[in-house]
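# Architecture at a glance
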Protein chains: 2
Amino acid sequence: MYTIGQAAEMTGFGHDTLRFYEKMGLLKPQRKRPGGARVFSDDDLRLLFGLKCLKRMGLSLEEIKSFTISNRCMTERSSMSEGDEAVLRDRIGLLTDHLARMEMQRRELDELINRTKNNIRLYNELLDGTP
Amino acid sequence: MYTIGQAAEMTGFGHDTLRFYEKMGLLKPQRKRPGGARVFSDDDLRLLFGLKCLKRMGLSLEEIKSFTISNRCMTERSSMSEGDEAVLRDRIGLLTDHLARMEMQRRELDELINRTKNNIRLYNELLDGTP
DNA sequence: CTACAAGCTGGAGATAACTCCAGGTCAACT
DNA sequence: AGTTGACCTGGAGTTATCTCCAGCTTGTAG
């Protein structure tokens, strides 16, 4: 259990950013302390690290929100009732779409990495070839 | 040689976006037509496609700017004079840093893809396991 | 008991990256 | 000559994502 200052320090976000994420509904730290101070759990921190990663992948906070919320729902329920099946199928669809996008992104990234390696090699040859 | 409208259509950017990129110095299409209309070359289009790719990787326009400008300089010169060597080394440094960042991003992306695949699998088992 | 650091809130301000608009130029068609 | 459509400019407006601020509460150290 951490204060907002500790959570900020550990995740590298600013405290204002964490409050902003809460406003957006990305995060729901508990509020039990007298003045209404936030209490961040290890789960909250994990979510924040995941968020940071997704952000670096270029997802918007809204996308991340729908993504992490569907994930959270999954881990919360261990048994299923009859009507939940459709919801579950929706989530599978969402995740599958997201997966496809990430895989495309990976292909692009690979190509970019290769092109960059090539450029670096060319540069080095240019250097070595003209001493 | 293309008009701004054609370039916009082909690259998927809006025409205002292309003008905005020019204002930023990311792009310098020729301006030979009477009213000062822009003329986009195949090189300009290649640059735009590369830009789009880099953007999807999460780079800011400023980062892309320094990156594409250093690349453009490379392809422009085929022979080297003595003082250029230091400049060249700088560029190699810039590209190498960028490469390292991209490779880290790739590792993160891989992990994320695997986690997502796992989640999808778990969901599907949940569905299949409770008919 | 006072001082101080760390939290809190609501709202304003900042930045990046567009996006739109009014009013003007220019070439081509009718 | 007039209309139309694509392009031009400078500048205002928008959206997402923070970032900062003034003024208040609370827990702890001296």
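Counting from 1, residues in each chain are numbered in the order their sequence is written. Lettering for chains starts from A, numbering for ligands starts from 1, and both go in the order in which the items are written. Per-residue local features are limited, in this predicted model, to residues with pLDDT of at least 70; the limit for side-chain atom pairs, both in listing and counting, is 80 or more; totals at the level of whole chains, interfaces and linings are taken over all residues. With hydrogens and water set aside, each side-chain value is computed from the structure's full complement of heavy atoms.

### Quick word on the protein's contact with DNA strand D
Operational definition: Near, as used in this document, describes a residue that has one of its heavy atoms within 4 Å of the molecule or strand being considered. Pairs of N or O atoms are called polar contacts if they sit within 3.5 Å, as long as, within protein, a hydrogen donor faces a hydrogen acceptor (for residues adjacent in sequence, only side-chain-to-side-chain pairs). Helical segments are the DSSP runs of H or I of at least four residues, strand segments are the runs of E of at least two, and each set is numbered from the N terminus. Note that Gly is not counted as nonpolar here; it falls among the polar residues with everything else outside the nonpolar set of Ala, Val, Leu, Ile, Met, Phe, Trp, Tyr, Cys and Pro and the charged set of Asp, Glu, Lys and Arg.
Contacts to DNA strand D come from 18 residues, most closely from A:Asp16, A:Tyr21, B:Thr3, B:Arg19 and B:Arg31. Considering the 4 Å shell around the protein, atoms of DNA strand D inside it are sugar or phosphate in 79% of instances. Between DNA strand D and A:Lys55, the relevant distance is 3.3 Å, taken from a phosphate oxygen to a side-chain nitrogen or oxygen of the residue. Between DNA strand D and the protein, one listed contact pairs a phosphate oxygen with a backbone N or O atom of B:Gly5 at 3.1 Å. With 4 residues, helix α2 (residues 15-24) of chain A is the single largest residue contributor to the surface near DNA strand D. Tallied by class, residues from the surface near DNA strand D come to 6 nonpolar, 7 polar and 5 charged.

### Looking at the relation of the copies chain B and chain A
Rules: Each copy is superposed on the other by least squares, with the fit set by C-alpha atoms of residues at a pLDDT of at least 70 in both. Note on definitions: a residue-residue contact is assigned when non-hydrogen atoms from the two residues lie within 4.5 Å.
Overlaying chain B on chain A yields an RMSD of 0.2 Å, the required transformation being a rotation through 180° with an accompanying axial translation of 0.0 Å. Taken together, the turn and the small shift mark the pair as related by a two-fold rotation axis. For chain B, the residue whose C-alpha comes nearest the rotation axis is B:Gly58, separated from it by 2.5 Å. Most of the interface of chain B is mirrored in chain A: 97% of its interface residues are interface residues there too.

### Re the protein's contact with DNA strand C
Taken together, 18 residues surround DNA strand C, and among them A:Arg19, A:Arg31, A:Arg38, B:Asp16 and B:Tyr21 come closest. Each atom of DNA strand C within 4 Å of the protein belongs either to a base or to sugar and phosphate, the latter forming 79%. A:Arg31 has a polar side-chain atom sitting 2.5 Å from a phosphate oxygen of DNA strand C. The separation between a phosphate oxygen of DNA strand C and a polar side-chain atom of B:Tyr21 is 2.6 Å. Looking at the surface near DNA strand C, the elements with two or more residues in it are α1 (4-11) of chain A together with α2 (15-24) of chain B. Counting residues per element, the surface near DNA strand C draws most heavily on α2(B), at 4 residues. Partitioned by chemical class, the residues of the surface near DNA strand C number 6 nonpolar, 7 polar and 5 charged.

### Section: empty space enclosed by the protein
Over the atoms rolls a probe the size of a water molecule, and its path tells where empty space is left. Cut-off, in case you're wondering: Using only the protein atoms, space was sampled on a 1 Å grid; points where a 1.4 Å probe fits but cannot get out form cavities, open sets with protein on both sides within 12 Å along at least five of seven lines form pockets, and lining residues are those with an atom within 4 Å of a point. Grid points are joined across faces, edges and corners, and a volume is the space filled by probe spheres set on the points.
For the coordinates displayed, the defined rule picks out 1 cavity of 30 Å³ or more. Taken as a whole, the largest cavity encloses approximately 40 Å³ of empty space. Forming the boundary of the largest cavity are A:Arg56, A:Met57, A:Gln105, A:Leu109, B:Arg56, B:Met57, B:Gln105 and B:Leu109. Each residue belonging to the lining of the largest cavity can be placed in one class, and the counts come to 4 nonpolar, 2 polar and 2 charged.

### Description of the packing of α1(A) against helix α3 (residues 42-56) of chain A
All names here are of chain A. To keep it simple, the criterion reads: Each axis is a line fitted through C-alpha atoms, taken for helices only over the stretch in contact, and angles between the N-to-C directions span 0 to 180 degrees. For classification purposes, an angle smaller than 35 degrees is called roughly parallel, one larger than 145 roughly antiparallel, one from 65 to 115 roughly perpendicular, and anything else oblique. Should the near helix be turned counterclockwise from the far one by less than a right angle, the crossing is left-handed, whereas a clockwise turn marks it as right-handed.
Orientation of α1 relative to α3, taken along the N-to-C sense of each, is 40°, at an axis distance of 10 Å. Viewed along their axes, α1 and α3 adopt a mutual orientation that is oblique. Here α1 runs over α3; the crossing is right-handed. Mapping the contact onto sequence places Ala7, Met10 and Thr11 in α1 and Leu45, Leu48, Phe49 and Lys52 in α3. Counted by class, the contact of α1 with α3 contains 5 nonpolar, 1 polar and 1 charged residues.

### Re the interface of chain B and chain A
This is how the line gets drawn: Values labelled buried area give the accessible surface lost by two parts on being combined, using a 1.4 Å probe and summing over both. What counts as a salt bridge is simple: a side-chain nitrogen of Lys or Arg found within 4 Å of a carboxyl oxygen of Asp or Glu.
Each partner contributes to the interface: chain B provides 36 residues, whereas chain A provides 36 residues. A buried area of about 4000 Å², summed over both sides, lies between chain B and chain A, and 73% of it is on carbon and sulfur atoms. For chain B, the biggest contributors to the area lost against chain A are B:Leu109, B:Tyr123 and B:Leu127; these three give 17% of the whole. For A:Lys117, the salt bridge identified is with B:Glu103, shortest N-O distance 3.5 Å. Our count for the contact surface shared by chain B and chain A stands at 2 residue pairs in polar contact (both at pLDDT 80 or more). Contributing elements (two or more residues each) for the side of chain B that touches chain A: α3 (42-56), α4 (61-76) and α5 (84-129) of chain B. Among the elements that line the side of chain B that touches chain A, the one with the most residues is α5(B), at 26 residues. For the side of chain B that touches chain A, the residue count by class is 19 nonpolar, 8 polar and 9 charged.

In short, shape yes, function no, at least from these values alone.
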